[in-house]
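Summary of structural features
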Amino acid sequence: METLTELIRRVNAGEDGARDRLFATAYDELRVLARSRLRDGGRNTVLDTTALVHESYLRFLDSNQLRQDDRRAFFGYASRVMRSVIIDSVRERRAERRGGDATELTLDTAIAESLPAGEQQLLDVHAALDDLHAVEPRLAQVVEMRYFGGYTELEIAEALELTERTVRRDWDKARMMLLAMLRS
Amino acid sequence: MPIAAQDLATLSRLLDEAMELPPARLEPWLDDLPAEHAHLAAQLRQVLAARTAATQFMQSAAGSQTDAAVADAGDRVGPYRLIREIGRGGMGTVWLAERADGSLKRNVALKLPRLSWGAGLAERMARERDIGALLEHPNIARLYDAGVDERGRPFLALEYVDGVPLDQWCRSKALSLPERLRLFLQIARAVSYAHGRLVVHRDLKPSNMLVTADGQAHLLDFGIAKLLDDSSPAGNLTQEQGRVLTPHYASPEQIKGETITVASDVYSLGVLLYELLSGTRPYAHIPSRTLGALESAILEGEVPLPSSRVTDRATRQALRGELDAIVCHALRPDPQQRYATADAFVQDIERHLKGERVLAQPESVRYRVARLFRRHRAALLAGSTIVAAIVGGAGFSIVQAKRASDAAERARVVKEFVVDVFKVNERGSTGNKDLRQLPAELLLERGAKLIETRFPGQPQLQAELYGVVGGIFADMGANAQAADYATRQVETLVAIDAGDAEQAKATLLLAEALFAEGRIADARVRADRALALSERFDELRPAALVLAARVALKQGDKQATRALLDRAEHDLRNAGATVAGARAKAMRASMLTSDNRFDEAIPIFVSAIDTALAVEGPLSPTAIGIRLELQWLFVNNDRGEESKPHRQAALSALRTTGAAGEIRAALEESRTVAHMFTGMVPAQISFEEARDTIERNRAAVAVRGAIVPRTITADLDDALGMVYVGWGDFARAAPLTESSHAVLSANAESLGQRWYLASRQAVVAMHLGRHDEAAKHYQEVIELRKQQGWATHPFAAADYAYAALNLRMQKRFDAAERILTSAPQFEHLKGGGVGSSGYTDLIPRALAAVHLERGDPAAAWKVLPPEERDQTSDAMHDDILLRGQVLCALGRPAEGLPRLERAIGIHERLVYAADPSLARARAVTGQCALLAGQRSRAQTLATQAREAFIAQPNVSPYFKAPLQELEQRLRPAGTS
């Protein structure tokens, strides 16, 4: 079983299939972490993906060693994984709680307050994100990395080769678009 | 109606435009939208108008909290109006406020918490309000109201309590034990009341307890802790402004992130009681360089008994037994084993006060043994991002490394951890060096560089890691590296504007490292800064004061030293056994010594060592440092025998610490041994033993190779050189001293160091006939003594005597006399050994020597101090020789010669056969023998002297002169 560090080295060396193996290994780690955090019933507000990724061993992987495009791919990948894992978990939990029925509600700030733990928000954003991606792929990517992946603006900027200011602007705009999409 | 795909694209473009516009221009712009986009106007308007809502929308998932509600005096927050800010913390701000409608007279404390906007905020606030209504108790600050205002800011309206934090109150009023207990009971009863209403506090600590002027305690923030916990991302009670405070009051289950129950409050109450009774916190002795150490200690629950922390006998007796047991019962790591309720806690204390039997029992032996086994399976600490970060999958932690009772084990563990975690192939590294072969320090260096590159954009983490690495270096004695990383830590903390306490600790660590390195001027700057930063913090201030005192003493500023030490002792008087206390004692003893009161100092030193051992264990680094100082002082006072046990203990402890400890041990041993050989009284140790010890140490250090800093090898060379000088083998000494001094003088910082170098250089130069050079050095030597504040210390007499000798050797007798008469009146050496009077007699003897060599033996005789009745000490051979010479010069060879013979008899046992001063002494004796008619004896002596000068030719003509005269006189008459 290769360690992540070794895998990174291999990716750098340009080995065939190393990147895929890296992602496969990373996936398992991420899943474990995501589930363990979500299992924590006490803190039911937000999924706190920031803390999640902070605690993630992956973060301390010397991903600086990856070349730029590999790193971008890795971050992007991690965010995608987080997203799917989180959504899966939310769906499972809801199914457990309600005996299987997950009614979709539209998002409205007033209603949002009465929903458990922003879970609905997660599901809604998840659904809308694909639509957003079709029109504005970069915005969607920023959302995925920031909202699900929990990366900071600096990290996103580095990974996507943007300025922090652009990232912030993208984030603002993306949220407005999502808000519009979810309210209609 | 969902937005169509093509509309999305348009929406995106329009938003781009809109975002560039100033708010005032938005409406007109919306009105002016072209017809085909008009249908989007409604949505645009909504989204843009609710931009604040959008700001809060999805903010929670992103994890960053909305900033503390920005507020100003006069603002309306719900039904209240802000008057002035009365508190600020990471959790938010607290304002004094009044009802805006003026309906009620009382003012409230309005808390504006930093909560992230999340789902259910308003709901939660309402819940808090309900809980607050439940709690009506004279010792609980009322929560009147809670809600969210129109701007979306959450607020809590609390009863305004005008009081002083509990710990401060107890200190300022100097409350007696029963009074403290009663105050505690107020709190505990309030907590019990709340528990009865199913409300757990979760964050009990003295800062949450205010005492009003009437002596009533008030508990604050009931239930708020839970509120904040629910909202903040990591739910970590101890997080404030992204900094992590030391969780002294947190229960083990809180640290592990498990459910909080009534028993958690009991635990916190236990900590509070501990502090009230003993004046210290249960884990005050854990070095808080890393978070992990403290948390680990809490999880293990090894707590020293409160009575053990108290210095005052009466208090200690009062605490022993029942109160100790009560406190420990509340502090059990397993919640099931504590008092089940605060009420049970209260009742047991009441029983104690009434004199009835308490229920708490002291820990059984079995319980303690069980805990010892658990110690080795300390779990990873949740919420400690440092540990998690570094450990990853390695399975152990820095915490374990630092606590390993066997310090050699520790070095190994650290090495392994570094290897395991930073298993990065350094690009560009040559060869296949097996990482495990490299010394620990080198690995740590790599690790530190990795901290830099691996965690960019996380200065908090970096700072803490620098601190950890620096701390490990310091413990191992690698001071330059410790200073390096401590500097980085301080700079990082300054850059992120970290809190004063954190900066103070880091700056203190830096100052200590600089001091140990000998960079005294730099250490002074940092020590002053550390002191300024720690002013407010009772637990930090004493250590800062003690260090500042040490620095001041090194700089010769005795007045400052005294003042600082007095303050430190004042601060520490109630603290019980602590490292700072041990250091303060040692400092006091050092000061006494520098005031020539060594005898009084000795028991204080010993007490300091005992304290350090009690706090840090048998391998206590503090004890090592004090022992080394003490043994050095014994040696300096010619009490070599008494120095031995301390030296052995210190060296063996150092050597157990690993690579750098060995190096340090090598250095200390060599320096001491060299000094023992060359002190005023020779033969505290034999030449062979001194030389062999140092050679052994040099070899041990050489094995380490390039890792060892040059100053260390130079120090060892210098020590060996010193031994050769004392032995009289200047040929061997000269290259050693020359090469080492080149390195050492570049780095010499403290007055003491410079004195050392100057005096050694002077002696070598003088013996090799380089008298001008020697004279310069002696001037420096005397000046440095003055600067050190030792001008009248008897040791300083030697400086003058040597300086005069140097001049005598040049036949500059007037100058020599001048120097001697200008010497101050020296005190008698107190607490010195056998040869102690030798110091005070140095000046008159030197004066006598001047007269003698000038050709005035009568004057010399007058000046000589009275002869010692009992002249068994080897030290006296110089004196005996001098007397013998004077008597011979006075034409009394019958009395002079036996003395001379005796002197050289002693001398030749002590030095190298080719020692120049021995050779000179022989020649002088030969002259006297000739005078006494013992020609063949004279001849023998002349031959011996000649042989010596053949073996060591390059010495000052002063030594050779008497032999030349003697040989002249021994030549058969008629030859020239």
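Residues numbered from 1 in each chain as written. Chains lettered and ligands numbered in written order. Predicted model: local features only at pLDDT ≥ 70, side-chain atom pairs only at ≥ 80, totals over all residues. Heavy atoms only, no water.

1. Description of the overall build of chain A
The cut-off we apply is this: Each helix is a run of DSSP H or I of at least 4 residues and each strand a run of E of at least 2, with the numbering of both proceeding from the N terminus. Type-normalised accessible area, obtained with a 1.4 Å probe on protein chains alone, sets the label of each residue: buried when under 20%, exposed when over 50%, and partly exposed for intermediate values.
When helices and strands are counted, chain A shows 10 helices and 0 strands. When the helices and strands of chain A are read in sequence order from the N terminus, they spell out α-α-α-α-α-α-α-α-α-α. For chain A, with 184 residues in total, the buried portion stands at 52%.

2. Description of helix H3 (residues 38–49) of chain B
For clarity, the threshold we go by: Expected helix span is given by 1.5 Å per residue-to-residue step, counting one fewer step than there are residues.
With 12 residues, H3 of chain B ought to run about 16 Å at 1.5 Å a step, and its terminal C-alpha atoms sit 17 Å apart, in line with that. Residues of H3 of chain B that are buried: Leu 40, Ala 41, Gln 43, Leu 44, Val 47 and Leu 48 of chain B.

3. What to know about the environment of Ile 131 of chain B
Residues and elements named next belong to chain B. For Ile 131, the location among the structural elements is in helix H6 (residues 121–134). Look at Ile 131 and you get partly exposed, because its relative accessible area is 23%. A sequence separation of 67 residues divides Ile 131 from Leu 198, and the C-alpha atoms of the two residues are 9.3 Å apart.

4. Remarks on the state of the cysteines
All names here are of chain B. As a reminder of what qualifies: Count a disulfide wherever a pair of cysteine sulfur atoms falls within 2.5 Å.
Under the defined criterion, the tally for this structure stands at 1 disulfide over all chains. A disulfide bridge connects Cys 888 with Cys 928, and the sulfur atoms are separated by 1.6 Å. Note on the Cys 888 and Cys 928 pair: the S-S dihedral is about -50°, so by sign convention the disulfide is left-handed. Pair noted here: Cys 888 is in helix H41 (residues 877–889) and Cys 928 is in helix H43 (residues 916–931), with a separation of 40 residues, a long-range link. Residue Cys 888 shares its accessibility class with Cys 928, and that shared class is buried.

5. Considering the packing of aromatic side chains
Residues and elements named next belong to chain B. Test applied: Centre distance within 6.5 Å is the pairing criterion for rings of Phe, Tyr and Trp, where only the six-membered ring of Trp is used; planes under 30 degrees apart are then read as stacked, over 60 as edge-to-face, and the remainder as tilted. Think of it as a cone above the ring: NZ of Lys or CZ of Arg counts as a charge over the ring if it is within 6 Å of the ring centre and within 35 degrees of the ring normal.
Using the criterion set out here, one finds 11 aromatic pairs over all chains in the structure. Seen from their ring centres, Tyr 778 and Tyr 802 are 6.2 Å apart, and the 5° between their planes marks the pair as stacked. Pair noted here: Tyr 778 is in helix H36 (residues 771–788) and Tyr 802 is in helix H37 (residues 795–809), with a separation of 24 residues, a long-range link. Classification of Tyr 802 by relative accessible area gives partly exposed; the value is 37%. One residue, Arg 99, lies across the ring of Tyr 80, its end atom 5.5 Å from the ring centre. Note that Lys 173 overlies the ring of Trp 169, its terminal NZ or CZ placed 4.8 Å from the centroid.

6. A closer look at the environment of Asp 717 of chain B
Residues and elements named next belong to chain B. To keep it simple, the criterion reads: By definition in these notes, contact holds between two residues if any of their heavy atoms fall within 4.5 Å. N or O atoms closer than or at 3.5 Å make up a polar contact, with two conditions inside protein: a donor-capable atom paired with an acceptor-capable one, and, for residues adjacent in sequence, both atoms drawn from side chains.
Here Asp 717 lies in helix H33 (residues 710–727). When the C-alpha atoms of Asp 717 and Thr 737 are compared, they prove to be 6.9 Å apart, with 20 residues separating the residues in sequence. If near-sequence neighbours (up to four positions away) are discounted, Asp 717 is found in contact with Arg 698, Leu 736, Ser 739 and Ser 740. Of note is the side chain of Asp 717, whose polar atom sits 2.8 Å from the side chain of Arg 698.

7. Brief notes about the sheet that holds strand S7 (residues 163–165) of chain B
All names here are of chain B. Let me state the cut-off plainly: For two strands to be treated as a pair, DSSP must find no fewer than two bridges joining them. Structural elements are reduced to axes, namely lines fitted to C-alpha atoms, with helices fitted over the stretch in contact, and the angle between N-to-C directions of any two is expressed from 0 to 180 degrees.
Taken together, the 3 strands give an open sheet; going across it, the order is S7-S8-S9, and neighbouring strands pair in antiparallel fashion. Both edges of this open sheet fall to S7 and strand S9 (217–219), since each of them pairs with a single strand only. Across the sheet, the axes of successive neighbouring strands diverge by a mean angle of 35°, strand direction being ignored. One ladder, built from 3 bridges, connects strand S8 (residues 209–212) with S9; its direction is antiparallel. Bridge pairing in S9 places Val 211 opposite Ala 217. Running over the sheet, helix H8 (residues 177–196) touches S8 and S9 and is turned about 30° from S9.

8. Structural notes on the confidence of the model for chain B
Atomic detail in the predicted coordinates should be set aside for any region of low pLDDT. All names here are of chain B. This is how the line gets drawn: Confidence scores labelled pLDDT are given residue by residue by the predictor and lie between 0 and 100.
This prediction gives chain B a mean pLDDT of 76; 75% of its residues lie at or above 70. No element of chain B has a lower mean pLDDT than helix H17 (residues 385–391), at 28, and none a higher one than H43, at 94. Below a pLDDT of 50 lies the segment residues 60–69, which in the model reaches 26 contacts outside its immediate sequence neighbourhood of four places, other chains included. Low pLDDT, under 50, characterises residues 231–246; the predicted model gives this stretch 43 contacts beyond four residues in sequence or across chains.

9. Quick notes on the nonpolar core
Residue and element names in this part refer to chain B. The test is simple: Residues belong to one nonpolar core when they are buried, are Ala, Val, Leu, Ile, Met, Phe, Trp, Tyr or Cys, and are joined through side-chain atoms within 4.5 Å.
With 82 residues, the main nonpolar core has Phe 677, Ile 694, Val 723, Leu 820, Phe 826 and Ile 843 as its most contacted residues. No other element matches the 10 residues that H37 contributes to this core. If sequence neighbours within four positions are ignored, Ile 843 has contacts with Ala 797, Tyr 800, Leu 820, Ala 823 and Phe 826.

10. Overview of the packing of helix H23 (residues 500–517) of chain B against helix H25 (residues 541–554) of chain B
Residue and element names in this part refer to chain B. Rule in force here: Roughly parallel means an angle under 35 degrees; roughly antiparallel means over 145; roughly perpendicular covers 65 to 115; every other angle is labelled oblique. The crossing is said to be left-handed when, going from far helix to near helix, the turn is anticlockwise and less than a right angle, and right-handed when the turn is clockwise. Following the grouping adopted for this structure description, the nonpolar residues are Ala, Val, Leu, Ile, Met, Phe, Trp, Tyr, Cys and Pro, the charged ones are Asp, Glu, Lys and Arg, and the polar ones are all others, Gly among them.
In the contact formed by H23 and H25, the axes pass within 11 Å of each other and the chain directions differ by 25°. One element, H23, and the other, H25, form an angle in the roughly parallel class. At the point where H23 passes H25, the crossing takes the left-handed sense. Side by side, H23 and H25 meet where Leu 508, Ala 511, Glu 512 and Phe 515 of the first sit next to Ala 543, Ala 544, Leu 547, Arg 550, Val 551 and Lys 554 of the second. Of the residues assigned to the contact of H23 with H25, the class counts are 7 nonpolar, no polar and 3 charged.

11. Brief notes about unusual backbone geometry
Excluding glycine, residues mostly carry a negative phi; peptide bonds, for their part, are mostly trans. A positive phi angle, close to 60°, is found at Glu 161 of chain A, a residue other than glycine. Relative to the helices and strands, Glu 161 of chain A resides in the loop between helix H9 (153–160) and helix H10 (164–183). Although it is not a glycine, Ala 174 of chain B adopts a positive phi angle of roughly 45°. Examined against the element boundaries, Ala 174 of chain B turns out to sit in the loop between helix H7 (166–173) and H8.

12. Concerning the confidence of the model for chain A
Residue and element names in this part refer to chain A. Scored by pLDDT, chain A has a mean of 64; 43% of the residues are at 70 or more. Looking across chain A, the model is least confident in helix H6 (residues 109–112), with a mean pLDDT of 28, and most confident in helix H8 (residues 137–148), with 85. Here residues 36–63 scores under 50 on pLDDT; set against residues more than four positions off or in separate chains, the count is 77 contacts. In this model residues 100–117 is a low-confidence stretch, pLDDT under 50, and it forms 33 contacts with partners more than four residues away in sequence or in other chains.

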